[in-house]
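# Notes for the structure review
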Amino acid sequence: MNELMIEKTEDILAHCLDWLQLCIDKRVKYYFELVEDDCELPEMDLPSGGSGGLVGWMRERDLNQEEQFILLLSIASLVRPEMLDVLFSENKNTGRRYTEFGGVHDNAQQGGFVPSVQTALFLLAGGDIGKRLKVMRVFRPDHFFFKERILEAPEKPDSGVLLKTALRLTPTALYQLLWQDEYSPDLRSDFPAKRVRTSLQWDDLVLSPGVKSQVMEIRTWMEHEEKINNAWGLKKILKPGYRALFHGPPGTGKTLTAGLLGSALGRDVYRIDLSMVVSKFIGETEKNLAAVFDLAENENWVLFFDEADALFGKRTQTQSSNDRFANQEVSYLLQRVEDFPGLVILASNFKGNVDPAFVRRFQSLIYFPLPKHEQRLQLWRDSLGHGLRLAEDVDLEEVSNRHELAGGEIVNVVRTVAITVASRHDDLVRAADIEAAIRKEFQKDGRVVS
Ligand SMILES: Nc1ncnc2c1ncn2[C@@H]1O[C@H](COP(=O)(O)OP(=O)(O)OP(=O)(O)O)[C@@H](O)[C@H]1O
Ligand SMILES: [Mg+2]
């Protein structure tokens, strides 16, 4: 067979939609008895070229004809809606639309025809029941269309309502297949999780060797989980996933470490905002949490819960920051954390001892202490060592020795110093700039400079 080469994404899409159009015409003509033949739909030549995007994905998943058709049908309603207008036709005998053609008709959808599962069944199988059953298998929740979030999942896949479900592309598919771009659900303002991004590298993380090795243990587990579970047969006795609790003073690198673990493992890290998950409607909070966990499981995210204190305090007393989080919701959340098959990190500034019953649920409990002199010196050097010049009177050894600052505080001081230097239209940092900036940082929480 000759390979069909098409380069541009829009041309590839047009080619695929032409095929879809041909199939639809054929089915509709056959239905209205305008043609005699038995309505075998033609095969599509999947063009080569135009790597990535739609065709790349179709090839990778080796879509069969039905799957190609269903995917393109949902794309068509978005990019070439007029081709589905024929399905709006009215049945002259009943004065209504043809039930067979399906489609979702609500007032919000003025304009184009929105195909439903019924539409796909009609177009692909007509009245052939065997074929219909085959096509219906595509709509099972374990199909990659739904597992990879290409199509919006039917709410009740195993009921009669299924046929009325609209075929809609998810935002993930729109970004990934049509725009060849990456979609983060946190672009939506009502999504209760935000992606944690860091431009820092693993080498920028400054921790004592003891803490670093505990962090490395998580990374090693995640990298070798597959082998440990399967090849070494430990799946039977080990719970899937990994749960870690990071605790320690503010600005000691807990969030940063979570972000770096994500990048090292090639996974997105999402920070869940518990306050946004809470809903005033009973039962809604669990539903919101369930949505995040389900998505996280599908997309292989690392989940990060900040200010997790509320979860491991005494469960009967309500806690300040999350006091709308009821005991029942805490139990639900902990259950999901425990069952999550990936990496979950909880972080807190909690000072006291953590309840042993809570600790047992975690594979790692890592304390992030304030940095010691050596680490502070490294943090100073790392952050002032690029582009800025240090005056002769600057002695970073002495600065880091004298001032006990957390990494996050050093970053704040460096920002103040940079502003001071820039305001002089200079690039030279003087010892007095650093001292003044440290004083300012200390003033924030009433500390005095030693
Ligand atoms: N151990 C560290 N190594 C390198 N940089 C650090 C470290 N700790 C803090 N920093 C710097 O400070 C910034 C803030 O730290 P981070 O947000 O990770 O602190 P945190 O422990 O999560 O604090 P909080 O408890 O307030 O959430 C980091 O982005 C990084 O620039
Ligand atoms: Mg943090």
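Everything that follows concerns the structure shown earlier in this document.
Heads up: these notes are all about the structure in this document.

## Structural notes on helix 15 (residues 373-384)
- Helix length check: helix 15 (twelve residues) gives 16 Å between terminal C-alpha atoms against 16 Å at 1.5 Å per residue, within 8%.
- Gln375, Arg376, Leu377, Leu379, Trp380 and Leu384 are the residues of helix 15 that are buried.
- Looking at the packing, one finds that the buried side of helix 15 touches strand 9 (389-390), helix 16 (396-402), helix 17 (407-423) and helix 18 (431-444).

## Things to note about the site of ligand 1
- In the vicinity of ligand 1 there are 17 residues, among which Val206, Gly251, Lys254, Thr255 and Asn349 approach most closely.
- Measuring from an oxygen atom of ligand 1, one finds a backbone N or O atom of Gly253 at 3.1 Å.
- The separation between an oxygen atom of ligand 1 and a polar side-chain atom of Asn349 is 2.8 Å.
- Burial of ligand 1 by the protein amounts to 77% of the accessible area it has alone, namely 630 Å².
- Those elements that place two or more of their residues in the shell around ligand 1 are helix 9 (254-265) and helix 17.
- Of the residues belonging to the shell around ligand 1, the class tally is eight nonpolar, seven polar and two charged.

## With respect to the sheet that holds strand 3 (residues 193-196)
- If you walk across this open sheet you meet the six strands as 3-5-6-7-4-8, and the pairing is mixed. Two strands lie at the open edges of the sheet, namely strand 3 and strand 8 (364-367), each paired on one side alone. Recorded for the sheet is a direction-independent mean angle of 25° between the axes of neighbouring strands.
- Pairing of strand 6 (residues 302-305) with strand 7 (residues 343-348), which is carried by three bridges, proceeds in the parallel orientation. Residue Leu303 lies in a different strand from strand 7, and its bridge partner there is Val344.
- On top of the sheet, helix 11 (residues 284-299) reaches strand 3, strand 5 (269-272) and strand 6; it is set at about 145° to strand 6, its chief contact.

Rules of the game
Residues numbered from 1 in each chain as written. Chains lettered and ligands numbered in written order. Predicted model: local features only at pLDDT ≥ 70, side-chain atom pairs only at ≥ 80, totals over all residues. Heavy atoms only, no water. Helix = DSSP H or I, 4+ residues; strand = E, 2+ residues; numbered from the N terminus. Expected span 1.5 Å × (residues − 1). Buried < 20%, exposed > 50% of the residue type's maximum accessible area, 1.4 Å probe, protein only. Contact = heavy atoms within 4.5 Å. Near = heavy atom within 4 Å. Polar contact = N/O pair within 3.5 Å; in protein donor to acceptor, adjacent residues only side chain to side chain. Areas by Shrake-Rupley, 256 points an atom, 1.4 Å probe, with all protein chains shown as cover. Nonpolar A, V, L, I, M, F, W, Y, C, P; charged D, E, K, R; others polar. Pairing = 2+ DSSP bridges. Axes fitted to C-alpha atoms, helices over the stretch in contact; angles between N-to-C directions.

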